[in-house]
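Summary of structural features
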Amino acid sequence: MRRPIIIVTLLLAVSAVMAANREHIVGQKDKAFSAASLKVKVGDSVSFRNDDPFFHNIFSLSEVHSFDLGSFPKGQSRKATFNKEGRVEVECAIHPEMKMVIQVEK
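Quick look at the structure, then. (Residues numbered from 1 in each chain as written. Predicted model: local features only at pLDDT ≥ 70, side-chain atom pairs only at ≥ 80, totals over all residues. Heavy atoms only, no water.)

Regarding the nonpolar core
Ranked by size, the top nonpolar core spans 19 residues in total, and within it F48, I58, F67, V90 and I102 carry the most contacts. Put simply, the parts of the chain that give this core at least two residues each are β3 (37-41), β4 (45-50), β6 (67-72), β8 (86-92) and β9 (99-105). If near-sequence neighbours (up to four positions away) are discounted, V90 is found in contact with F33, F48, I58, F59, F67, M98, K99, M100 and I102. (Core = buried A, V, L, I, M, F, W, Y, C linked by side-chain atoms within 4.5 Å. Buried < 20%, exposed > 50% of the residue type's maximum accessible area, 1.4 Å probe, protein only. Helix = DSSP H or I, 4+ residues; strand = E, 2+ residues; numbered from the N terminus. Contact = heavy atoms within 4.5 Å.)

In structure tokens form, the structure reads like this:
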């Protein structure tokens, strides 16, 4: 009788963790992000995928979360995880016209 309760409890715990930490994908094509803005939850990550035939360098100087993913070529992705609530402005160091906003919520 206890075994089904334990199994259900474990499944609920795993589901809660998986739901809390999602990975979002943002493409980069024709010197533009695939989304101008994105809402994510604290603990989520965003994978930036380069679909252009040239390098991109994704970074943010935002106080909420500053990062520099470095330069990477077509076919590669780089990921950032967001652990603090707030607005994160993201840009490409190589193509200054590439901008997006990530809103991190609880």
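Focus: the sheet that holds β3
Across the sheet, 5 strands lie side by side as β3-β9-β8-β5-β6; this open sheet has mixed pairing. On the outer flanks of this sheet lie β3 and β6, each paired with one strand and no other. Each strand of the sheet is rotated relative to its neighbour by a mean of 20°, with strand direction disregarded. In terms of strand pairing, strand β5 (residues 56-60) meets β8 through 2 bridges, oriented antiparallel. Bridging across to β8, F59 finds its partner in E91. (Pairing = 2+ DSSP bridges. Axes fitted to C-alpha atoms, helices over the stretch in contact; angles between N-to-C directions.)

A short note on the sheet that holds strand β7 (residues 77-81)
Hydrogen bonds between backbone atoms are what pair the strands of a sheet, whose relative direction is either parallel or antiparallel. One open sheet accounts for 4 strands, arranged β2-β1-β4-β7; its pairing is mixed. Each of the sheet's edge strands pairs with one partner strand only, and the pair in question is β2 (32-33) and β7. As paired elements, strand β1 (residues 23-29) and β4 share 6 bridges and run parallel to each other. Of the residues in β4, the one forming a bridge with Q28 is N50.

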